[in-house]
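So you can see what is in the structure, the chains are spelled out below.
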Amino acid sequence: MAMAGCPGRLYVAASIERGSSSLGLANSITAPLTQGKDVIVKLDDTTGQGDGMRMADIHCM
């Protein structure tokens, strides 16, 4: 949780994976977040072939 929130929005990215291979990237940008605000981000496997995801990046913009 960012101490001052993420007034410029939150960027979230995950590697779409199958076994030991990366098939692509799923990402999302939220609306601005005030201090103490929670957010749920849904990332979709656009390849349709992944068997999991691994967090690649998350930061305030």
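Up top is the structure these notes are about.
Definitions and limits used
Residues numbered from 1 in each chain as written. Predicted model: local features only at pLDDT ≥ 70, side-chain atom pairs only at ≥ 80, totals over all residues. Heavy atoms only, no water. Helix = DSSP H or I, 4+ residues; strand = E, 2+ residues; numbered from the N terminus. Rg over C-alpha atoms; globule rule 2.2 N^0.38 Å. Buried < 20%, exposed > 50% of the residue type's maximum accessible area, 1.4 Å probe, protein only. Contact = heavy atoms within 4.5 Å. Polar contact = N/O pair within 3.5 Å; in protein donor to acceptor, adjacent residues only side chain to side chain.

A. Expanded view of the overall build of the protein chain. Helix and strand counts for the protein chain come out as zero helices and three strands. Taken from N to C terminus, the helices and strands of the protein chain fall in the order β-β-β. On C-alpha atoms alone, the protein chain measures out to a radius of gyration of 13 Å, which is more than a quarter above the 10 Å that the 2.2 N^0.38 rule sets for 61 residues. Considering the protein chain as a whole, with its 61 residues, one finds that 21% of them fall into the buried category. Residue pairs in contact within the protein chain that sit at least 24 positions apart in sequence constitute 62% of those at least 6 positions apart.

B. Region of interest: the environment of I29. Turning to its location among the elements, I29 is positioned in strand β2 (residues 21-29). For I29, a relative accessible area of 44% gives the class partly exposed. For I29, the residues in contact, after removing those within four places along its chain, are R9, L10, Y11 and M61.

C. The arrangement of unusual backbone geometry in detail. In this structure, R9 takes a positive phi of about 95 degrees despite not being glycine. Along the polypeptide, R9 turns up in the segment before β1 (10-18).

D. Inspection of the side chain of S15 at higher detail. Of note, S15 is situated in strand β1. Within the local environment of S15, its side chain forms a polar contact with the side chain of S22, the two groups lying 2.9 Å apart. Filtering out sequence-adjacent residues up to four positions away, S15 remains in contact with S22, G24, L25, G52, M53, R54 and A56.

E. Local environment of the side chain of T30. By secondary structure assignment, the location of T30 is in the loop between β2 and β3 (52-60). Its relative accessible area of 10% is what places T30 among the buried residues. Apart from residues no more than four positions distant in its own chain, T30 is found in contact with R9, L10, V39 and V41.

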